[in-house]
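Residues per chain are reported as follows:
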Amino acid sequence: MTAPVISLDRVSRLYRLGDVEVRALDDVSLTVEPGEFVAIMGTSGSGKSTLMNILGCLDQPDSGHYLLEGVDTATLSEPDLARIRGQRIGFVFQSFNLLTRTAAIENVALPLFYAGQTEGSLGRARDALAKLGLAERQKNHPNQLSGGQQQRVAIARALINDPAILLADEPTGNVDSQTSAEIMNAITTLNREQGLTVVLVTHEPDMAAYADRVVVLKDGRIQSDTRSRESPRRIQPAAKIHRPGRWEEIRSFIGLALLAALRAIGRHKMRAALTMLGVFIGVAALIAMVAVGEGARAVVKQRLASLGTNLLIATPASTRSGGVRGGAGSTSSLTVTDAQAILEEDEAVADVAWVARQNAQAVYGDENWATSVQGVTPSYLSIRNWAVASGRDFTPEDEHDGAMICILGQSVVDALFGQDADPVGATVLVKSVPLTVVGVLAVKGNSGGGQDQDDVILTPFSTSQQRILGVSTPSASVAAAAQSGLVISLGGPQSSPSNPFGIQPRLAGFVNAIYIQARDGGVTDQAVDQVTKTLERRHRIKPDADDDFTVRNLTEIAEVAEQSSRVLEILLAAIASISLLVGGIGIMNILLVSVTERTREIGIRMAIGARRVHVLLQFLVEAVLLSGIGGGAGVLTGIAAAKIISYAAGWPTLLSPPVIAGAFLVSAVIGVFFGFYPARKAALLNPIDALRYE
Ligand code: ADP
Ligand code: MG
């Protein structure tokens, strides 16, 4: 003797509406043997549907026990209940409950997919449809089928997994009498020929007449239970539930979720596109930010290197408009002797160079050009990390001899000689003084301040002092030099440690800037201190007075510049993250709408065997697809934007594959993060509540 297919033991189901309590099922006990064909009858509201939902494992009783094929359903886990719904029970509803805009064959095959049986599933679905006379209709969507055809599709779907029992809740309620007869004949044939156990709810005696046994409900209780004829007794084959292997299951998880998500997105393309916008903008901003930021950092680094290593610059302090400081030291407070003192006295200093500038006219042939003529000492170029592109640098001999030579910047070459010309060896007139060109500077482009650094003519400092800038012997500085113990020699030029180029002190004039190289990067701050002290002492600055010079650490200036580019980066990052956040919230919002819209679809899927994890994955994949597609488009747009920005700003862009992969990953993570709440909400829906949702 096998167990009954169905065994209800004193089952009750209560509904509470405010203070009113409705006993939809009241202490119902019922047994159905394999092969029986039972009709449940009763007036509207007598509890027929409540009973069927419990039999179908869509709902649970409040008290009592329901044993299906000998197993107490109360002891089953959620996945096992889902497997039983999908494989042991075939449920046919009055309102068909087919997935809309989905082909008949796919509707029929879906329980197989949820059972993890992908192999040959479509073939089986085709056969099932053919058996019910729908061979020609497998590609049709439900809205292209008549009521009777839809119900036959639903029956094919209910039977696809070879269930133990067919439950039908008023299956002919929505079709005409001709079609009703067809449907009832199909069900009767299944019962008679295949021994399928059938429980059918109807309020029409005509339909009940097909059954072998009629149970009448009244107010949630069994009023009568009559057998009109003996059912063929069958030995029910052992319950078999397909449990796919791990990989098969994962494949079916992903396949089902992708299919459902792609279909959902495809149905609302415009909505999906708008939903993606936030993530799209966020990722594009992120990519552009990193590309431009890294590019800018590279430029700054390059500028930093071109400033020379461990370089300080001392310049005369600019006159204040208040005019507190005046006199000799106001705009030209620094002298050659200051520079020499720094080199000699300050032990953190490795080398010094100085420059005196003047604007002057340069002439070559018919061409003339107003430029900055700068007298520089021989180590000037090397201290500033400037290179000579052709020709040569100045030597100490040039400085010593006051050689009539010059080095031209490229802008001057362009103006006087034309582009691509090599001026080395030519003679230009600067303030009518003939200077032979010995070299051309490597192009440096514009400075940070937008000044053309190539518009310059360099001459040895001594030459500029003696021949070009004119003799200047500022009495103040000579006096200061005398007081600081510097021996003033009026004799011929002699080299000495304190006067390495043999500059004649009477010519030691003002300089516009002193470039000071510290011994190494570790002592630049020390060097600044020493230089400041030396200059303060030499200039007799009182302790509480302002200095008439400024000493700056160029490396620090560059670092400040780098920091400001970082500020820009942080700003862009803020925009990107706000946009990503808003995009994520948008995805969450649309998914919540989507879950509500598709509550019934979720109920249908659960009724045919979808587990909570299937539903969760379906919506999670939808969220990740939305954010991932948005992110992918954002990556492409970000790269394009970075290229355009860098083209406009003249910066290189730096984009590494990890950054692109990272941005893509971020968008996927946003999908998971913001999709989780709606997906969980969908997964936690009660099957019967979801099915009843209007
Ligand atoms: P039938 O299918 O026989 O027409 P039902 O099983 O649908 O009857 O309903 C039985 C009783 O339970 C009715 O009084 C109905 O109003 C009540 N009922 C059914 N579903 C709900 C529900 N979700 N909430 C509250 N009451 C319900
Ligand atoms: Mg009903």
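Residues numbered from 1 in each chain as written. Chains lettered and ligands numbered in written order. Predicted model: local features only at pLDDT ≥ 70, side-chain atom pairs only at ≥ 80, totals over all residues. Heavy atoms only, no water.

Engineer: Just give me the short version of the overall build of the protein chain, but keep the residues and values in it.
Structural biologist: Across its full length, the protein chain carries 21 helices and 20 strands. A buried classification covers 50% of the 694 residues belonging to the protein chain. Relative to all contacts within the protein chain whose residues are 6 or more apart in sequence, the contacts with residues 24 or more apart total 77%. When the accessible surface of the protein chain is totalled, it reaches about 31700 Å², and 56% of it is carbon and sulfur. (Helix = DSSP H or I, 4+ residues; strand = E, 2+ residues; numbered from the N terminus. Buried < 20%, exposed > 50% of the residue type's maximum accessible area, 1.4 Å probe, protein only. Contact = heavy atoms within 4.5 Å. Areas by Shrake-Rupley, 256 points an atom, 1.4 Å probe, with all protein chains shown as cover.)

Engineer: Could you give me a rundown of the packing of helix α18 (residues 599-607) against helix α19 (residues 612-649), with the residues and numbers involved?
Structural biologist: Close contact between α18 and α19 brings their axes to 10 Å; oriented N to C, the two are set at 140°. Compared by their axis directions, α18 and α19 come out oblique. The two elements α18 and α19 meet at a crossing, and its hand is right-handed. Across the interface between the two elements, Glu 601, Ile 602, Arg 605 and Met 606 from α18 touch Arg 612, Val 615, Gln 618 and Phe 619 from α19. Among the residues forming the contact of α18 with α19, the class breakdown is four nonpolar, one polar and three charged. (Axes fitted to C-alpha atoms, helices over the stretch in contact; angles between N-to-C directions. Parallel < 35°, antiparallel > 145°, perpendicular 65-115°, else oblique. Left-handed = near helix turned anticlockwise from the far one by under 90°. Nonpolar A, V, L, I, M, F, W, Y, C, P; charged D, E, K, R; others polar.)

Engineer: How would you summarise the side chain of Asp 169 if you had to cite specific residues and measurements?
Structural biologist: Within the element layout of this structure, Asp 169 appears in strand β7 (residues 165-169). One buried charged residue, Asp 169, remains without a salt bridge, the closest side chain of opposite sign being Lys 48 at 7.0 Å. In this structure the side chain of Asp 169 is engaged in a polar contact, spanning 2.8 Å, whose partner is the side chain of Ser 49. (Lys, Arg positive; Asp, Glu negative; His and termini not counted. Salt bridge = Lys/Arg side-chain N within 4 Å of Asp/Glu carboxyl O. Polar contact = N/O pair within 3.5 Å; in protein donor to acceptor, adjacent residues only side chain to side chain.)

Engineer: Give me the lowdown on the site of ligand 1, citing residues and values where you can.
Structural biologist: Tyr 15, Val 22, Ala 24, Thr 43, Ser 44, Gly 45, Ser 46, Gly 47, Lys 48, Ser 49, Thr 50 and Arg 692 make up every residue found near ligand 1. The backbone of Ser 46 places a nitrogen or oxygen atom 3.3 Å from an oxygen atom of ligand 1. Here a nitrogen atom of ligand 1 and a side-chain polar atom of Arg 692 are 3.1 Å apart. Within the complex, the protein chains bury 68% of what would otherwise be the 560 Å² of accessible surface of ligand 1. Those elements giving two or more residues to the shell around ligand 1 turn out to be β2 (20-32) and α1 (48-55). (Near = heavy atom within 4 Å.)

Engineer: Pulling in residues and values, what's your account of empty space enclosed by the protein?
Structural biologist: Per the stated rule, a full pass over the model turns up four cavities of 30 Å³ or more. Its volume calculated, the largest cavity comes out at about 110 Å³. Secondary structure elements with two or more residues in the lining of the largest cavity: α2 (78-87), α3 (104-114) and α8 (246-267). The biggest single contributor to the lining of the largest cavity is α2, with four residues. (1 Å grid on protein atoms, 1.4 Å probe; cavity = no way out; pocket = protein on both sides within 12 Å on 5 of 7 lines; lining within 4 Å. Points joined across faces, edges and corners; volume = space filled by probe spheres on them.)

Engineer: Any details on the packing of aromatic side chains? Residues and values, ideally.
Structural biologist: Following the criterion strictly, the structure yields six aromatic pairs and no others. Ring geometry for Tyr 380 versus Tyr 515: centroids 5.4 Å apart, planes at 80°, classification edge-to-face. In this pair, Tyr 380 sits in helix α11 (residues 380-383) while Tyr 515 sits in strand β19 (residues 513-518), placing the two residues 135 residues apart along the sequence. On the basis of relative accessibility, which here comes to 0%, the residue Tyr 380 falls in the buried class. (Phe/Tyr/Trp six-rings, centres within 6.5 Å; stacked < 30°, edge-to-face > 60°.)

Engineer: Describe the packing of α3 against helix α5 (residues 147-159), and please don't skip the residues or the numbers.
Structural biologist: Between α3 and α5, whose axes approach to 7 Å, the crossing angle comes to 25°. The orientation of α3 with respect to α5, classified from their angle, is roughly parallel. For the pair α3 and α5, the sense of crossing is right-handed. Here Ala 104, Asn 107, Val 108 and Pro 111 of α3 lie close against α5, whose contacting residues are Val 153, Ala 156 and Arg 157. For the contact of α3 with α5, the per-class residue count stands at five nonpolar, one polar and one charged.

Engineer: Tell me what's going on with the pattern of salt bridges, and back it up with residues and numbers.
Structural biologist: All told, the structure shown has 24 salt bridges when counted by the stated rule. With its nearest N and O atoms 3.0 Å apart, the salt bridge here joins Arg 192 to Asp 212. Taken as a pair, Arg 192 in helix α6 (residues 177-194) and Asp 212 in the loop between α7 (205-208) and β9 (213-218) lie far apart in primary sequence, 20 residues in all. For Glu 597, the salt bridge identified is with Arg 271, shortest N-O distance 3.0 Å. A residue pair is termed long-range when its members are at least 10 positions apart, and Glu 597 in helix α17 (residues 554-597) and Arg 271 in helix α9 (residues 269-306) qualify at 326 residues. Overall, Glu 597 belongs to the partly exposed group, its relative accessible area being 45%. One continuous salt-bridge network, built from bridges that share partners, spans Glu 36, Arg 213, Asp 225 and Arg 227.

Engineer: Tell me what's going on with the sheet that holds β7, and back it up with residues and numbers.
Structural biologist: Taken together, the six strands give an open sheet; going across it, the order is β6-β7-β8-β3-β9-β10, and neighbouring strands pair in mixed fashion. Looking at strand neighbours, the two that pair on one side only are β6 (89-92) and β10 (221-227), the edges of this open sheet. The sheet shows a mean angle of 15° between the axes of neighbouring strands, taken without regard to direction. With five bridges joining them, β7 and strand β8 (residues 197-201) adopt parallel strand pairing. Residue pairing across strands places Ala 168 opposite Leu 200, the latter belonging to β8. Its contacts with the sheet put α1 on β3 (37-42), β6, β7, β8 and β9, and the angle it makes with β7 is roughly 150°. (Pairing = 2+ DSSP bridges.)

Engineer: Which residues make up α2, and what values go with them?
Structural biologist: Buried residues dominate α2, accounting for eight of its 10 residues. Taken as a whole, α2 has its buried residues at Asp 80, Leu 81, Ala 82, Arg 83, Ile 84, Arg 85, Gly 86 and Gln 87. Structurally, α2 contributes buried residues whose contacts are with β4 (63-68), β6, α3, α8, α18 and α21 (687-692).

Engineer: Outline the confidence of the model for the protein chain, supporting the account with residue identities and numerical values.
Structural biologist: Summing up the model confidence of the protein chain, the mean pLDDT is 86 and the portion of residues at 70 or higher is 90%. For residues 320-330, every residue scores under 50 in pLDDT, and the model assigns this stretch 12 contacts once sequence neighbours within four places are set aside. The low-confidence segment residues 502-508 (pLDDT under 50) makes 24 contacts with residues lying over four places distant or belonging to another chain. (pLDDT = per-residue confidence, 0-100.)

Engineer: Give me the sheet that holds strand β1 (residues 6-17): which residues, what numbers.
Structural biologist: Taken together, the four strands give an open sheet; going across it, the order is β2-β1-β4-β5, and neighbouring strands pair in antiparallel fashion. Strands at the two margins of the open sheet, each flanked by one partner only, are β2 and β5 (71-72). Relative to β2, β1 runs antiparallel, the two being bridged by nine bridges. The residue of β2 that forms the bridge with Arg 16 is Glu 21. On the sheet, α1 packs against β1, β2 and β4 and is oriented at approximately 120° with respect to β1.

Engineer: Can you lay out the environment of Ala 682 for me, pointing to particular residues and giving the numbers?
Structural biologist: Mapped onto the fold, Ala 682 is located in helix α20 (residues 657-683). Between the alpha carbons of Ala 682 and Thr 596 there is a distance of 8.3 Å; along the sequence they are 86 residues apart. Not counting chain neighbours up to four residues away, the residues in contact with Ala 682 comprise Val 595, Ile 602, Met 606, Val 615 and Phe 619.

Engineer: Go over the environment of Ile 254 with me, naming the residues and quoting the values.
Structural biologist: Inspection of the secondary structure assignment puts Ile 254 in helix α8. The class for Ile 254 is partly exposed, based on a relative accessible area of 49%. When the C-alpha positions of Ile 254 and Val 621 are compared, they lie 8.5 Å apart, and in sequence the two are 367 residues distant.

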